[in-house]
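# Report on the structure
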Amino acid sequence: MIEKFNGVFYLILFVIHFLGIGIYAYQMIIGNQKFREKFQIDKTAATVMRMTGAIFLGSFLMALYIMFVRPNGVEATWAFFNLVFVQNFCIFIVNTYSIKINKTGVMNDSNEAIIAPLIFTIISAVLCYGLADKIYI
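Note that the structure is predicted; figures quoted are calculated from it, not measured. (Residues numbered from 1 in each chain as written. Predicted model: local features only at pLDDT ≥ 70, side-chain atom pairs only at ≥ 80, totals over all residues. Heavy atoms only, no water.)

Looking only at helices and strands, the protein has six helices and zero strands in total. In sequence order, the protein lays out its α and β elements as α-α-α-α-α-α. If you line up the protein on its principal axes, its C-alpha atoms span 45 × 30 × 20 Å. In the protein, buried positions account for 36% of the 137 residues. Sequence-distant contacts in the protein: of pairs separated by 6 or more residues, those separated by 24 or more amount to 69%. Of the roughly 8100 Å² of accessible surface on the protein, a fraction of 70% belongs to carbon and sulfur atoms. (Helix = DSSP H or I, 4+ residues; strand = E, 2+ residues; numbered from the N terminus. Buried < 20%, exposed > 50% of the residue type's maximum accessible area, 1.4 Å probe, protein only. Contact = heavy atoms within 4.5 Å. Areas by Shrake-Rupley, 256 points an atom, 1.4 Å probe, with all protein chains shown as cover.)

Structure representation (structure tokens):
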């Protein structure tokens, strides 16, 4: 498995990234009430939050498929890795705008909503770069 990921470093980054995505998916779908309380979000947002969590869940499940089921591992998975990078980047930009600039309806201006997607964006960029010889074939 390590050779499918160009070494242990990229395998660990892959696991960290998608474990984090899986945790957010869980919090937004199953732990929705607790997540809303943490960020002081009204209960009327639960459905939209679960929809967003479902997108994260899809990425998490695809990562599990690539890691454990797909015979070629990450080979030719450029579309998946690039989509994840773009999603992470868009979440970072939108959250930064929402919390730091617009501030409409922001009750809890926690920087977690900016820092987490920034970290996910950086990790996914490093994965795209470090796995380029495998994913872009």
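Don't stop here, the text continues.
We now examine a nonpolar patch on the surface. On the surface, Met1, Leu57, Leu61, Met62, Leu64, Tyr65, Phe68 and Val69 cluster together into a nonpolar patch covering about 710 Å² of accessible area. Along the chain, the position of Phe68 falls in helix α3 (residues 46-69). The exposure class of Phe68 is exposed, given its relative accessible area of 57%. (Patch = residues over 30% accessible without salt bridge, like charges linked within 9 Å, V, L, I, M, F, W, Y side chains within 5 Å. Salt bridge = Lys/Arg side-chain N within 4 Å of Asp/Glu carboxyl O.)

The final tally for this structure, using the stated rule, is zero disulfides. Free cysteine Cys90: the closest other cysteine sulfur is in Cys128, separated by 14 Å. The partly exposed category is assigned to Cys90, whose relative accessible area is 41%. (Disulfide = S-S within 2.5 Å.)

A packed helix pair is summarised by two numbers, namely the angle formed by the two axes and the spacing between the axes. The interhelical angle for the contact between α3 and helix α4 (residues 78-102), taken along N-to-C directions, is 150 degrees, at an axis separation of 12 Å. One finds that α3 runs roughly antiparallel with respect to α4. Here α3 and α4 pass one another in a crossing that is left-handed. Here Ile55, Phe56, Ser59, Met62, Ala63 and Ile66 of α3 come into contact with α4, specifically with Phe80, Val84, Gln87 and Ile91. (Axes fitted to C-alpha atoms, helices over the stretch in contact; angles between N-to-C directions. Parallel < 35°, antiparallel > 145°, perpendicular 65-115°, else oblique. Left-handed = near helix turned anticlockwise from the far one by under 90°.)

Below, the discussion takes up unusual backbone geometry. Apart from glycine, the bulk of residues carry a negative phi angle, and the bulk of peptide bonds sit in the trans form. A positive phi is found at Asn6, a non-glycine position, where the angle reads about 60 degrees. Tracing the backbone through its elements, the reader meets Asn6 in the segment before α1 (8-29). Using a relative accessible area of 28% as the deciding quantity, one classes Asn6 as partly exposed. Phi angles above zero are rare outside glycine, and Ala76 is one such case at about 60 degrees. Its place among the elements puts Ala76 in the loop between α3 and α4.

This paragraph deals with α1. Taking 1.5 Å per residue, 22 residues should reach 32 Å; α1 reaches 31 Å between its end C-alpha atoms and fits that length. Listed in full, the buried residues belonging to α1 are Tyr10, Leu11, Leu13, Phe14, His17, Phe18, Gly20, Ile21, Gly22, Tyr24, Ala25 and Met28. (Expected span 1.5 Å × (residues − 1).)

Its 19 residues place the ends of helix α5 (residues 112-130) 26 Å apart at the C-alpha level, agreeing with the 27 Å of an ideal helix rising 1.5 Å per residue. Along α5, the positions that sit buried rather than exposed are Ala113, Ile114, Ala116, Pro117, Phe120, Thr121, Ile123, Ser124, Leu127, Cys128 and Gly130. Contacts from the buried residues of α5 go to α1, α4 and α6 (132-135).

On to the side chain of Thr77. Turning to its location among the elements, Thr77 is positioned in the loop between α3 and α4. A distance of 2.5 Å separates the side chain of Thr77 from the backbone oxygen of Val74, its partner in a polar contact. Those residues in contact with Thr77 that sit more than four places away from it in its chain are Ile66, Arg70 and Ile135. (Polar contact = N/O pair within 3.5 Å; in protein donor to acceptor, adjacent residues only side chain to side chain.)

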